Number of protein chains: 2
Amino acid sequence: MGIFSKTCEYAIRAVFFIAHRTAGQSGRVGIKEIALGIDSPEPFLAKILQDLSRRGIVQSTKGPNGGFYLDNASLERPLSDIVAAVDGNDIFFGCGLGLKQCSEINPCPLHNEFKDIRNKIHFMLHETKIGEFNNELVTGMLSLKK
Amino acid sequence: MGIFSKTCEYAIRAVFFIAHRTAGQSGRVGIKEIALGIDSPEPFLAKILQDLSRRGIVQSTKGPNGGFYLDNASLERPLSDIVAAVDGNDIFFGCGLGLKQCSEINPCPLHNEFKDIRNKIHFMLHETKIGEFNNELVTGMLSLKK
DNA sequence: ATAATAAAGGATAAAATAGTCTTTTATTAT
DNA sequence: ATAATAAAAGACTATTTTATCCTTTATTAT
């Protein structure tokens, strides 16, 4: 198990892929090409994108020349929006030891240590925008494949 | 889903509990009392401790007055040993986006960001020793219950 | 030695996550 | 209008994680 669920890993990679394939050009990219581009099981990814689409994190149109894309507002969104949508925000605010009542006044042994780490994760994902890596992805400097 | 699996959360809380209940006094503490003390399902916790015992992370003896305890060496171990034993060390070294081939020369978009965070997690868990919170747990300043 | 105790071991069950397949709906080009 | 295309929706399957139960083994006190 990583930091995120598999669903969330696929979601982030897919959104990065859609971003770099459609930014500016007002094009669309289909599920097959995305699945191929990020090495993910196509039908599972379809479900994930369906959900992201419903939530307005990605845009889509049906029919010929249809597919997924990102509007300008979506390109500016932080990665934390994807993570929160898919995995919830336990990773940002939950107790590292799984204690519901853990808080400043009733802390678990690692409360402060985890607060620090969770804040760093939150900050990092909030600072990083979906469209931020488009150039490097186009030039192949960055990878989205296994 | 938190940072760790539920199994790992229970494991850490249980080990903290055993530590503060048996450190120095050369006593033992039974599975029932541990499960109660950390709000965990008893049979599931039994499995987890069985595993930790096999791996030498906790000590145990059977029979009357038996139970779990920690020797001095175990009290000095870092928390990272528990996490590595239970969840593996993907959390310390794995790619945040789940890419097997992700590395310095073939990085995912978040490679450096995640490296930084993973290092902080690793450092924190390596610095923190199992017996470190015994006093605060005895005085009730820290909590292991939901 | 024997009975009582407590963990170890093994088999099974439930829930959550991951993944697949088929049908329906919306869009576009002809 | 119609056929082709591609996502949406829904039902279903598989795997992994979480959790329970029952039997066996080791230890101790009597």
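Keep in mind it's a predicted model, so treat the numbers as computed, not measured.

Rules and cut-offs
Residues numbered from 1 in each chain as written. Chains lettered and ligands numbered in written order. Predicted model: local features only at pLDDT ≥ 70, side-chain atom pairs only at ≥ 80, totals over all residues. Heavy atoms only, no water. Salt bridge = Lys/Arg side-chain N within 4 Å of Asp/Glu carboxyl O. Helix = DSSP H or I, 4+ residues; strand = E, 2+ residues; numbered from the N terminus. Buried < 20%, exposed > 50% of the residue type's maximum accessible area, 1.4 Å probe, protein only. Least-squares fit on C-alpha atoms with pLDDT ≥ 70 in both. Contact = heavy atoms within 4.5 Å. Near = heavy atom within 4 Å. Polar contact = N/O pair within 3.5 Å; in protein donor to acceptor, adjacent residues only side chain to side chain. Nonpolar A, V, L, I, M, F, W, Y, C, P; charged D, E, K, R; others polar.

> Which parts of the structure should I look at to understand the pattern of salt bridges?
Opposite charge on two side chains permits pairing when their charged atoms draw close. Residues and elements named next belong to chain B. Under the defined criterion, the tally for this structure stands at 12 salt bridges over all chains. Measuring nitrogen to oxygen at the nearest pair gives 2.9 Å for the salt bridge that ties glutamate 104 to lysine 115. Separated by 11 residues along the polypeptide, glutamate 104 in the loop between helix H6 (90-93) and helix H7 (111-127) and lysine 115 in helix H7 bring together distant segments of the chain. A residue is classified by how much of its surface remains accessible, and lysine 115, at 28% relative accessible area, is partly exposed.

> Can you help me understand the relation of the copies chain A and chain B in this one?
Relating one copy of the chain to the other requires a rotation about an axis plus a shift along that axis. Taken as rigid bodies, chain A and chain B are interconverted by a rotation of 180° and an axial shift of 0.0 Å, the fit giving an RMSD of 0.0 Å. Each copy turns onto its partner about a two-fold axis. Across chain A, the rotation axis passes nearest the C-alpha of Ile3(A), at a separation of 2.9 Å. Here 100% of the contact residues of chain A are again contact residues in chain B; the copies associate through an equivalent surface.

> Just to check I follow, could you spell out the protein's contact with DNA strand D for this structure?
Every one of the 26 residues lining DNA strand D counts as a neighbour, but Gly30(A), Lys47(A), Ser60(A), Pro41(B) and Pro64(B) are closest to it. Protein-adjacent atoms of DNA strand D, using a 4 Å cutoff, are sugar or phosphate at a proportion of 62%. Lys6(B) is positioned such that a nitrogen or oxygen atom in its backbone is 3.0 Å from a phosphate oxygen of DNA strand D. Among the elements of the structure, helix H3 (42-54), strand E1 (59-61) and strand E2 (67-69) of chain A together with helix H1 (6-22) and helix H3 (42-54) of chain B are those that each provide at least two residues to the surface near DNA strand D. Sort the elements by how many residues they give to the surface near DNA strand D and H3(A) lands first, with 4 residues. Taken together, the residues that form the surface near DNA strand D break down as 9 nonpolar, 11 polar and 6 charged.

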